[in-house]
There are 2 protein chains.
Amino acid sequence: MTAPISPHQQHSNQQLASLFDDCHCRRLVSNELLSYPQDMDDCVFYLRRGRLRVYLCYGDKLFTLTILQAGDVYSTHTRAFIEALEPSEVNVMDLNNFSQRALAHPLLTGAVTRVLSQTLSGCIDTIENLAFRDVRARLASYLLAQVSQPAEQPLINMQLTTEQTAQLIGTSRQTLSSLLSELQRQGLVQKLSRQQWRLCDCSQLSQMAAL
Amino acid sequence: MTAPISPHQQHSNQQLASLFDDCHCRRLVSNELLSYPQDMDDCVFYLRRGRLRVYLCYGDKLFTLTILQAGDVYSTHTRAFIEALEPSEVNVMDLNNFSQRALAHPLLTGAVTRVLSQTLSGCIDTIENLAFRDVRARLASYLLAQVSQPAEQPLINMQLTTEQTAQLIGTSRQTLSSLLSELQRQGLVQKLSRQQWRLCDCSQLSQMAAL
DNA sequence: GGCCTTTTGTCAGCGGGCTGACAGACATCA
DNA sequence: TGATGTCTGTCAGCCCGCTGACAAAAGGCC
């Protein structure tokens, strides 16, 4: 029932990845755009290395749909910007090209479908979050979703700045900052450094995330 | 740049529809559920007659993703409830079955992809609306999207109750109601009956929708 | 070490939108 | 025709979260 924000996509994408072996590998530096809404040639790509941020823009506001990790497959045909958060490498393939290849390998016909489904599922998570839950709940969700190794008091890596995190959970930098302070005062989390935080009371965080 | 709420899906779905000709036709009465989140068998279906509402639930809150019209093709594998707003008829096909048929007709391989893309696009519209725009802008958008025949002062059919409309644009019944009153006082819209409204100043409504 | 930029914490003020409550309008049916 | 249930309009009260402003802290770079 929990709907973690931007769950890292399950990658049973091993087979998919092989499809990209022989195609153009593009390198991106930090903050470089891979694609933008007006960009009309739809592509499917495989993120070989680095981290990409997929976001919507509206005036001077920005909302991040998801953060892609190495190993993820995604398509550019959503009405979003895709930007490198750090130096990255992607294998890009034109959508038509991709479809034809997939036809040749019938087992892979479902590949595009799978990517789309994952994306869709992520979007619905996002809608649930925005429509039903307040910032506090979304933050708790996010913190719990960052846990990579389960533990009594797990450590997490905050790889984004406060501003970027705010854009991901749909709030302002200030609100997020004061909320994090509050959580520290309550002893639910502990800041070890800018990047490293400890979650001191996961059960209470879960409860906070639940509603 | 406008992102109308729940745009009625373009149906170049004529070919698609023919795929469903020979399969089970299910009749639904008003308020009957076609599927719900726990329902595990994924289906693709064609709405032959009637109107369906696709919505998310969370506690006692409800958010409508889209309203399906006769002629639309959709799939149940989203984490949503699908309910008949009025007596309806759907042709339902198991997803595996559907995929196999699509394989046999290579031209239709993209059918599932297209449906998923449309759905995804609608979800992103919704996210934009929730993340960036206030209730006033969403309402203006919605009103403009209801116009079927362009005119200086077009008439629109509000086929939903205030409550249902509120759930569609993501607000409360009360807020929507008072907002509609305000628009009337400003002379932007005119209520002819519960169902029929006239949009008196589309350009100003567009402006209101823009930001 | 010192300078400059980016990031973070904090506060006051305000407003959008939710809630609960109630009355009026409308529909349906006996 | 009246009785009952549903839908709609409206108001007061409240709180979440946004904005703008400023200071403190942390990082880069020479």
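Residues numbered from 1 in each chain as written. Chains lettered and ligands numbered in written order. Predicted model: local features only at pLDDT ≥ 70, side-chain atom pairs only at ≥ 80, totals over all residues. Heavy atoms only, no water.

*Asks:* Just to check I follow, could you spell out the UniProt feature "domain: HTH crp-type" (unreviewed entry) in chain A for this structure?
*Replies:* Under the UniProt annotation, the feature "domain: HTH crp-type" (unreviewed entry) is placed at residues 133–203 of chain A. Its end C-alpha atoms 18 Å apart, residues 133–203 of chain A is made of 48% helix and 14% strand. (UniProt positions renumbered as here; feature names shortened; annotations may be inferred. Helix = DSSP H or I, 4+ residues; strand = E, 2+ residues; numbered from the N terminus.)

*Asks:* For this particular structure, what's the right way to read the side chain of Thr-64 of chain A?
*Replies:* With respect to the helices and strands, Thr-64 of chain A occurs in strand S5 (residues 61–69). Dropping the residues within four chain positions of it, Thr-64 of chain A is found in contact with Arg-53, Val-54, Tyr-55, Gln-167 and Leu-168 of chain A. (Contact = heavy atoms within 4.5 Å.)

*Asks:* Even after reading the chapter, I still don't get the protein's contact with DNA strand D, so can you show me in this structure?
*Replies:* Not every one of the 18 residues close to DNA strand D is listed here, only the nearest: Val-135, Thr-171 and Thr-175 of chain A together with Thr-162 and Ser-181 of chain B. Taking Lys-191 of chain B, its side chain carries an N or O atom lying 3.0 Å from a phosphate oxygen of DNA strand D. Contributing elements (two or more residues each) for the surface near DNA strand D: helix H6 (173–185) of chain A together with helix H6 (173–185) of chain B. Of the residues forming the surface near DNA strand D, the biggest block, four residues, is contributed by H6 of chain B. Residue composition of the surface near DNA strand D, by class: one nonpolar, 10 polar and seven charged. (Near = heavy atom within 4 Å. Polar contact = N/O pair within 3.5 Å; in protein donor to acceptor, adjacent residues only side chain to side chain. Nonpolar A, V, L, I, M, F, W, Y, C, P; charged D, E, K, R; others polar.)

*Asks:* Explain the relation of the copies chain B and chain A to me, please; I cannot follow it from the model alone.
*Replies:* One copy of the chain maps onto the second through a rotation around an axis plus a translation along that axis. Superposition of chain B onto chain A requires a rotation of 180° combined with a translation of 0.1 Å along the rotation axis, giving an RMSD of 0.1 Å. In symmetry terms, the pair is related by a two-fold rotation axis. Most of the interface of chain B is mirrored in chain A, where 100% of its interface residues are also at the interface. (Least-squares fit on C-alpha atoms with pLDDT ≥ 70 in both.)

*Asks:* Hey, could you run me through the domain arrangement of chain A in this one?
*Replies:* For interface size, the figure often reported is the accessible area lost on association. Residues and elements named next belong to chain A. What the domain assignment reports for chain A is domain 1 (14–130) and domain 2 (134–210). Tallying the contact residues gives nine residues for domain 1 and eight residues for domain 2. Taken together, the two surfaces of domain 1 and domain 2 that pack against each other cover about 800 Å², and 53% of this comes from carbon and sulfur. Among the residues domain 1 hides against domain 2, the three largest losses belong to Arg-51, Thr-64 and Asn-129. Together they make up 42% of the total. Taken together, the links from domain 1 to domain 2 amount to zero salt bridges. Counting across the interface, domain 1 meets domain 2 through three residue pairs in polar contact (both at pLDDT 80 or more). Looking at the side of domain 1 that touches domain 2, the elements with two or more residues in it are strand S4 (51–58), S5 and helix H3 (110–132). In terms of residue count, the dominant contributor to the side of domain 1 that touches domain 2 is S5 (four residues). Taken together, the residues of the side of domain 1 that touches domain 2 break down into five nonpolar, two polar and two charged. (Domains from an automatic or database assignment. Buried area = accessible area lost by both parts, 1.4 Å probe. Salt bridge = Lys/Arg side-chain N within 4 Å of Asp/Glu carboxyl O.)

*Asks:* Sorry, what's going on with the pattern of salt bridges here?
*Replies:* Should the charged atoms of two oppositely charged side chains come close, the side chains can pair. Residue and element names in this part refer to chain A. As enumerated under the stated definition, the model contains 16 salt bridges over all chains in all. The partner of Arg-136 in a salt bridge is Glu-182, with the nearest N and O atoms 2.5 Å apart. Of the two residues, Arg-136 is situated in helix H4 (residues 135–145) and Glu-182 in helix H6; the sequence distance between them amounts to 46 residues. For Glu-182, a relative accessible area of 23% puts it in the partly exposed group. Through salt bridges with shared partners, a single network forms among Arg-27, Arg-49 and Glu-89. (Buried < 20%, exposed > 50% of the residue type's maximum accessible area, 1.4 Å probe, protein only.)

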